[in-house]
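Listed here are the chains, written in short residue letters.
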Amino acid sequence: MATVSVDPRPLNADERAVLEHILSAEFAGASQLQSQLDRTEVIAVWGPGSVSVDLQVRGTCEHAALPEALVPVDAHVHNPSGAYIGEILVWTDRGATLAALEFAWVTDEMPTSLPAIVNGRLSWPA
């Protein structure tokens, strides 16, 4: 799916909540990535109707030092009955700054919203 550029905008409430949840995990570089949230903008969507977005951090910030581009957190998404329906991936620019938020789904239909955080887990409505 090709990305579609958008006028830069702040993170919406759902995007921020999911990022905060994932970045609250303990891993090297988490605090640096957390500190970037207030300056993070959405600059593209991954296609019409997609909730996956490209991100850009405005201005100077403290860089994380992740060894890989993918944030090392298993963020599985389950529906209320406990079935696995996908995962959330957070990508960085060379391990330094936030670069993308991806909802990788395994269902037949593309999700139209990000999952909610319910009891400390990412949950998708039935």
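Refer to the structure printed above.
The rules behind each value
- Residues numbered from 1 in each chain as written.
- Predicted model: local features only at pLDDT ≥ 70, side-chain atom pairs only at ≥ 80, totals over all residues.
- Heavy atoms only, no water.
- Helix = DSSP H or I, 4+ residues; strand = E, 2+ residues; numbered from the N terminus.
- Rg over C-alpha atoms; globule rule 2.2 N^0.38 Å.
- Buried < 20%, exposed > 50% of the residue type's maximum accessible area, 1.4 Å probe, protein only.
- Contact = heavy atoms within 4.5 Å.
- Areas by Shrake-Rupley, 256 points an atom, 1.4 Å probe, with all protein chains shown as cover.
- Lys, Arg positive; Asp, Glu negative; His and termini not counted.
- Charge placed at Lys NZ, Arg CZ, Asp CG, Glu CD.
- Salt bridge = Lys/Arg side-chain N within 4 Å of Asp/Glu carboxyl O.

S.K.: What exactly am I supposed to notice about the overall build of the chain here?
M.R.: What the chain contains, in helices and strands, is 2 helices and 8 strands. Taken from N to C terminus, the helices and strands of the chain fall in the order β-α-α-β-β-β-β-β-β-β. The C-alpha atoms of the chain give a radius of gyration of 14 Å, which matches the 14 Å a tight globule of 126 residues would have. Overall, the chain is about 40 × 30 × 25 Å in size when its C-alpha atoms are taken along their principal axes. By the burial criterion, 43% of the 126 residues in the chain qualify as buried. When contacts within the chain are restricted to residue pairs at least 6 apart in sequence, long-range pairs at least 24 apart make up 56% of them. When the accessible surface of the chain is totalled, it reaches about 6,900 Å², and 51% of it is carbon and sulfur. In the chain, 6 positive and 16 negative side-chain charges are present, and the distance between their average locations comes to 7 Å.

S.K.: How should the pattern of salt bridges be read in this particular structure?
M.R.: Opposite charge on two side chains lets them pair, provided their charged atoms get close. Within this structure, the stated rule accounts for 5 salt bridges. Its salt-bridge partner being D38, residue R16 comes within 2.9 Å of it at the nearest N-O pair. Taken together, the residues span a long stretch of sequence, with R16 in helix α1 (residues 13-23) and D38 in the loop between α2 (30-35) and β2 (40-45) at a distance of 22 residues. We classify R16 as partly exposed; its relative accessible area is 27%. R58 serves as the salt-bridge partner of E41, at 3.5 Å between the closest nitrogen and oxygen. Here the residue E41 occupies a position in strand β2, and R58 occupies one in the loop between β3 (53-57) and β4 (76-78), the gap between them amounting to 17 residues.

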